[in-house]
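Here are the chains, one letter per residue:
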Amino acid sequence: MSMHSPIGSTTEQSFMSQYLEALALVERLHRLLLDVIKDEFERVGVFEINAVQALLLFNIGDNEVTAGELKSRGYYQGSNVSYNLKKLVEMGYMHHQRCEVDRRSVRVKLTEKGNQVRATVEGLFSRHADGLQSRDVLSSDGIDGINTSLRRVERYWSEQIRYIY
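In this report, the structure presented in the accompanying data block is examined.

Calculation rules
Throughout, a residue's number is its position along its own chain's written sequence, starting from 1. This being a predicted model, a pLDDT of at least 70 is required before a residue's local features are given, and a value of 80 or more before pairs of side-chain atoms are given or counted; all residues contribute to the totals for chains, interfaces and linings. The side-chain figures draw on all heavy atoms in the structure; neither hydrogens nor water molecules are used. A run of DSSP states H or I qualifies as a helix once it reaches four residues; a run of E qualifies as a strand once it reaches two. Both are numbered from the N-terminal end. Here the term buried applies to any residue with accessible area under 20% of the maximum for its type, exposed to any over 50%, and partly exposed to those in between, with areas from a 1.4 Å probe on protein chains only. Whenever two N or O atoms come within 3.5 Å, that pair is a polar contact, provided that in protein one can donate a hydrogen and the other can accept it, and provided that, for residues adjacent in sequence, both atoms are side-chain atoms. Between two residues, a contact is recorded if the distance between any of their heavy atoms is within 4.5 Å. A residue counts toward a patch only above 30% relative accessible area and without a salt bridge, and it is joined to like-charged neighbours within 9 Å or, for Val, Leu, Ile, Met, Phe, Trp and Tyr, to nonpolar neighbours within 5 Å. Computed by Shrake-Rupley with a 1.4 Å probe, the accessible areas treat only the displayed protein chains as cover when residues are assessed. One speaks of a salt bridge when a side-chain nitrogen belonging to Lys or Arg is within 4 Å of a carboxyl oxygen belonging to Asp or Glu. The criterion for an aromatic pair is that two Phe, Tyr or Trp rings (for Trp, the six-membered ring) have centres within 6.5 Å, with stacked assigned to planes under 30 degrees apart, edge-to-face to planes over 60 apart and tilted to the rest. Pairing between two strands is assigned when DSSP locates at least 2 bridges connecting them. Only buried Ala, Val, Leu, Ile, Met, Phe, Trp, Tyr and Cys residues count toward a nonpolar core, and they belong to the same one when joined by side-chain atoms within 4.5 Å.

Some words on the side chain of Glu-40
Structurally, Glu-40 can be placed in helix α1 (residues 10–43). Residue class for Glu-40 comes out buried when judged on its relative accessible area of 7%. Within the structure, the side chain of Glu-40 is placed 2.8 Å from the side chain of Arg-43, a separation counted as a polar contact. Every residue in contact with Glu-40, bar those within four places of it in the chain, is listed here: Thr-120, Leu-124 and Arg-127.

Right, here's the structure in full:
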């Protein structure tokens, strides 16, 4: 006797609807995160930088990286990384210099102005973490469970991309 439910069963349909709900939540949360960051910068009177750029500066932090490393390290998921890096350099949020070994590659690092943006985002996230805990929205175990589940989905999707062809 099979331990699995038949294809098209209520259990499978229920899981599918829960999976689709989770996908929609992840997408909405990402957009909402960008809105929250945008609102924070409007609140502090910084209008020249967008939320994607602020998040990019936060993720780079004290590191010195190339555009390729930004994607491989998971710091940036967008397709227009070169555009955003160029704009951040032009606006004075980042320094850039050609790599000594590979002259085609450019390494970037935050300027003091970029570090101020990073600190603003870090302060916002710190306030959120405190609020989530103090209002009993999430516990340490709860956030750990979310992270574990999301890492499993990330691994599964990565394997699907890697081995599909």
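Picking up where we left off.
Some points on unusual backbone geometry
Although it is not a glycine, Asp-136 sits at a positive phi angle of roughly 55°. Position of Asp-136 among the secondary structure elements: in the loop between α5 (112–134) and α6 (140–163).

Here's the deal with a nonpolar patch on the surface
On the surface, a cluster of nonpolar side chains totalling about 690 Å² of accessible area is made up of Phe-15, Met-16, Tyr-19, Leu-20, Val-153, Tyr-156 and Trp-157. Of all the secondary-structure elements, those providing two or more residues to the nonpolar patch are α1 and α6. Ranked by the residues each element gives to the nonpolar patch, the list is headed by α1, at four residues. Within the fold, Met-16 resides in helix α1.

Here we look at the packing of aromatic side chains
What the rule picks out here adds up to one aromatic pair. Relative to Phe-125, the ring of Phe-58 lies with its centre 5.1 Å away and its plane at 85°, an arrangement referred to as edge-to-face. On the criterion of sequence distance, the pair formed by Phe-58 in helix α2 (residues 51–60) and Phe-125 in helix α5 is long-range, its members being 67 residues apart. Residue Phe-58 is classed as partly exposed on the basis of its relative accessible area of 25%.

What to know about the sheet that holds strand β3 (residues 106–110)
Pairing within the open sheet is antiparallel, and its three strands lie in the order β1-β3-β2. The strands lining the two open edges of the sheet, one partner per strand, are β1 (65–66) and β2 (94–98). Where β1 and β3 come together, two bridges link them in antiparallel fashion. Counted as the bridge partner of Val-65 is Val-108 from β3.

Quick notes on the nonpolar core
If you look at the biggest cluster of nonpolar residues, it comprises 25 residues, and the most contacted ones within it are Leu-57, Leu-70, Leu-88, Tyr-93 and Met-94. Those elements that place two or more of their residues in this core are α1, α2, α4 (81–90), β3 and α5. At six residues, the largest contribution of residues to this core is made by α2. The residues touching Tyr-93, leaving out its near neighbours within four places in the chain, are Val-46, Glu-48, Ile-49, Leu-57, Leu-88, Lys-109, Leu-110, Thr-111, Lys-113, Gly-114 and Val-117.

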